[in-house]
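# Working through the structure, step by step
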Amino acid sequence: MDLELPEELRLLGQTVRRFVTRELDPIADQVERENRIPESVLRSMRDLGLYGLVIPKEHGGLGLSALGMCVVMEELSRANLCFRIMITTNNGIGSLGLVYAGSPELQRRHLPELASGEKIGCFALTEPEAGSDAASLRTTATRDGGEYVIHGAKIWITNADIADYFTVMATVDRSLGSRGLTAFWVERDTPGLTVGRSEPKMGLHGTRVAEVLLDGCRVPASARLGEEGDGFKLAMRVLDHGRLSIAASSVGAAQRLLEAMVEHARTRVQFGRPIAENQAIAWMLADSATEIEAARGLVLAAAWKKDRGERATRHCSMAKLYCSEMAGRVADRAVQVFGGMGYMSGNIAERYYRDLRVYRLYEGTSEIQRLVISRDLLEG
Ligand code: COS
């Protein structure tokens, strides 16, 4: 495994870093306060090609490798996690079902508009009774001639409020368990599809989650992604990618917090000297730096495996587990180093402390990652 980034990815990382520093950092708090990313910034993200990172080149995307995607996700997480989350649906869970299993016609029609950011995709899997146990979902898809009729309700769907397309997971036969799950590409204006109000949450103010109701939505059979019963494996494949993206994002966020902690520890004077001169503070910096490097190594290893075409499920789960928990620890230390300031709204540590918490929950909780890793070990 090569630990040096290829030159073109190093340059890509630098370009995104400059963009983040110049355009995103100055509005990071504004996004939090207003619970939205300004349209002009979304346009700049589109112009930079950020919406189509992993969409194949022949469909208008950049066709980046997993490693390239990780480089961008790390950089994009340095100002406010909402910037990554805004584009991550088009670069992962909201588009990859179509990339992996959509018909050539469906891909030709929709991938270019997702790659340009003109249209937004999202991923509708979670239901009130189906979170970690994804295979137990209750949304049904019933074949009716050349169509399917979909009934069900999804919750906490990221970007549903602005999405044009929904990758909907439904079952064609509940008695088959995970082997009944089937994925569909559903357009927003399909009669029977309604998006509920955005649901308030602890953090990530700047992107929203909402309920999606499917009340007898009719979609053509050609909107099915893959074969009947392929949906669970497709969802898991998509989630492998999503978990790696979250891992890389955790590293970027933690790195940014470490830099803020170092700066504060150097300049904050108490008892007549910078607080960094206290070993209790210095060791928090040392532990954070060490853990960030270890986490980055896990991201590189998982991306490297993926790019060689190997099954990387365990490695993606290990990366997500370690990186998200590491970022949580770093955020906790950042609040501690900033002291009272770290508890106040408007402080970077306070915002990341809340925002990062969901990385240990969504796209598979830490417990689910441990389950995936240990099963892989035990089953060989
Ligand atoms: N890639 C491809 N196939 C996969 C896979 C992956 N990453 N993971 C599992 N599969 C396959 C298995 O090989 C198995 O195939 P066979 O039926 O041919 O044997 C099938 O899928 C079922 O797998 P498994 O028996 O492991 O399914 P379980 O119901 O036990 O669930 C977990 C497995 C718990 C790992 C899965 O449900 C999961 O990841 N849950 C978390 C869901 C999640 O992340 N929710 C968040 C929603 S998105 S924000």
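First, a word on what this report is: a plain description of the structure on this page. If you're wondering where the values come from, they're calculated on a predicted model, not measured in any experiment.

So, about the site of the ligand. Close to the ligand lie 21 residues, the nearest being Ser132, Arg179, Lys233, Gly364 and Arg375. Between the ligand and Lys233, the relevant distance is 2.7 Å, taken from an oxygen atom to a side-chain nitrogen or oxygen of the residue. Here an oxygen atom of the ligand and a side-chain polar atom of Arg243 are 3.0 Å apart. Contact with the protein chains covers 73% of the free accessible surface of the ligand, which is 1000 Å². Elements supplying a minimum of two residues to the shell around the ligand: helix 8 (231–267) and helix 12 (366–379). Sort the elements by how many residues they give to the shell around the ligand and helix 8 lands first, with 6 residues. Each residue belonging to the shell around the ligand can be placed in one class, and the counts come to 8 nonpolar, 6 polar and 7 charged. Of the domains in this structure, domain 2 (121–229) and domain 3 (233–379) are the two that each give at least three residues to the shell around the ligand.

Another aspect to go through is the side chain of Lys320. With respect to the helices and strands, Lys320 occurs in helix 10 (residues 313–338). Within the buried core, Lys320 has no salt-bridge partner, and the shortest N-O distance to an opposite charge, that of Glu363, equals 7.3 Å. Side-chain polar atoms of Lys320 contact the backbone oxygen of Tyr359, separated by 2.8 Å. When neighbours within four sequence positions are excluded, Lys320 is seen to be in contact with Arg243, Ile246, Ala247, Glu325, Tyr359, Arg360, Leu361, Tyr362, Glu363, Gly364 and Gln369.

Let us now look at unusual backbone geometry. Most peptide bonds adopt trans geometry, and most residues besides glycine take a negative phi value. We note that Trp156 has phi near 55°; this positive angle belongs to a residue other than glycine. Of note, Trp156 is situated in strand 3 (residues 147–158). Judged by its relative accessible area of 56%, Trp156 is exposed. The backbone of Asn159 sits at a positive phi, close to 70°, despite the residue not being glycine. If you trace the backbone, Asn159 turns up in the loop between strand 3 and strand 4 (165–171).

Generally speaking, a soluble globular protein has its nonpolar side chains buried in company with each other. Leu24, Met45, Phe83, Ile150, Phe166, Leu244 and Leu356 are the most contacted members of the largest nonpolar core, which totals 117 residues. Of all the elements, helix 8 adds the most residues to this core, at 16 residues. In contact with Phe166, other than residues within four places in its own chain, are Cys122, Ala160, Phe184, Trp185, Val186, Arg188, Leu193, Val195 and Val212.

Evaluation of the coordinates by the stated rule reveals 3 aromatic pairs. Taking the centre distance of 5.3 Å and the plane angle of 25° together, the rings of Tyr165 and Trp185 count as stacked. Taken as a pair, Tyr165 in strand 4 and Trp185 in strand 5 (residues 181–187) lie far apart in primary sequence, 20 residues in all. A relative accessible area of 2% means that Trp185 is categorised as buried. If you follow Arg237 out to its NZ or CZ, it ends over the ring of Tyr100, 3.8 Å from the centre. Residue placement shows Arg308 over the ring face of Trp304; its charged tip is 4.5 Å from the ring centre.

Our focus in this paragraph is helix 1 (residues 7–24). For helix 1, with 18 residues, the first-to-last C-alpha span of 25 Å sits near the 26 Å given by 1.5 Å per residue. Buried residues along helix 1 sit against helix 2 (28–34), helix 3 (39–47), helix 4 (66–76) and helix 5 (81–88).

So, on to the side chain of His241. Mapped onto the secondary structure, His241 falls in helix 8. Not counting chain neighbours up to four residues away, the residues in contact with His241 comprise Val54, Met69, Asn91, Gly92, Leu96, Tyr100 and Lys306.

Now for the pattern of salt bridges. A side chain with one charge may pair with a side chain of the opposite charge, provided their charged atoms come close. On inspection of all chains with the given rule, the structure shows 24 salt bridges. Asp25 is paired through a salt bridge with Arg256; the nearest N and O atoms lie 2.9 Å apart. Linking Asp25 in the loop between helix 1 and helix 2 with Arg256 in helix 8, this pair joins segments that are 231 residues apart in sequence. Judged by its relative accessible area of 26%, Asp25 is partly exposed. For the salt bridge of Glu105 with Arg108, the shortest nitrogen-to-oxygen distance reads 2.9 Å. In this pair, Glu105 and Arg108 both sit in helix 7 (residues 104–115), 3 residues apart, roughly one turn of the helix. On the accessibility criterion, Arg108 (52% relative accessible area) is exposed. In this structure, a network of salt bridges that share partners links the residues Glu32, Glu350 and Arg354.

Right, let's talk about the packing of helix 10 against helix 11 (residues 348–355) for a bit. Describing two packed helices takes the angle between their axes plus the distance from one axis to the other. In contact at an axis separation of 9 Å, helix 10 and helix 11 are set at 155° when each is read in the N-to-C sense. The orientation of helix 10 relative to helix 11 falls into the category roughly antiparallel. Both helix 10 and helix 11 take part in a crossing whose hand is left-handed. Of helix 11, the residues touching helix 10 (which contributes Ala331, Asp332, Ala334, Val335 and Phe338) are Ala349, Tyr352 and Tyr353.

Considering all chains together, one arrives at 0 disulfides under this definition. Cys316 supplies the cysteine sulfur nearest to Cys70, a cysteine that is in no disulfide, at a spacing of 8.2 Å.

Scoring rules and cut-offs
- Residues numbered from 1 in each chain as written.
- Predicted model: local features only at pLDDT ≥ 70, side-chain atom pairs only at ≥ 80, totals over all residues.
- Heavy atoms only, no water.
- Near = heavy atom within 4 Å.
- Polar contact = N/O pair within 3.5 Å; in protein donor to acceptor, adjacent residues only side chain to side chain.
- Areas by Shrake-Rupley, 256 points an atom, 1.4 Å probe, with all protein chains shown as cover.
- Helix = DSSP H or I, 4+ residues; strand = E, 2+ residues; numbered from the N terminus.
- Nonpolar A, V, L, I, M, F, W, Y, C, P; charged D, E, K, R; others polar.
- Domains from an automatic or database assignment.
- Buried < 20%, exposed > 50% of the residue type's maximum accessible area, 1.4 Å probe, protein only.
- Lys, Arg positive; Asp, Glu negative; His and termini not counted.
- Salt bridge = Lys/Arg side-chain N within 4 Å of Asp/Glu carboxyl O.
- Contact = heavy atoms within 4.5 Å.
- Core = buried A, V, L, I, M, F, W, Y, C linked by side-chain atoms within 4.5 Å.
- Phe/Tyr/Trp six-rings, centres within 6.5 Å; stacked < 30°, edge-to-face > 60°.
- Lys NZ or Arg CZ within 6 Å of the ring centre and 35° of its normal.
- Expected span 1.5 Å × (residues − 1).
- Axes fitted to C-alpha atoms, helices over the stretch in contact; angles between N-to-C directions.
- Parallel < 35°, antiparallel > 145°, perpendicular 65-115°, else oblique.
- Left-handed = near helix turned anticlockwise from the far one by under 90°.
- Disulfide = S-S within 2.5 Å.

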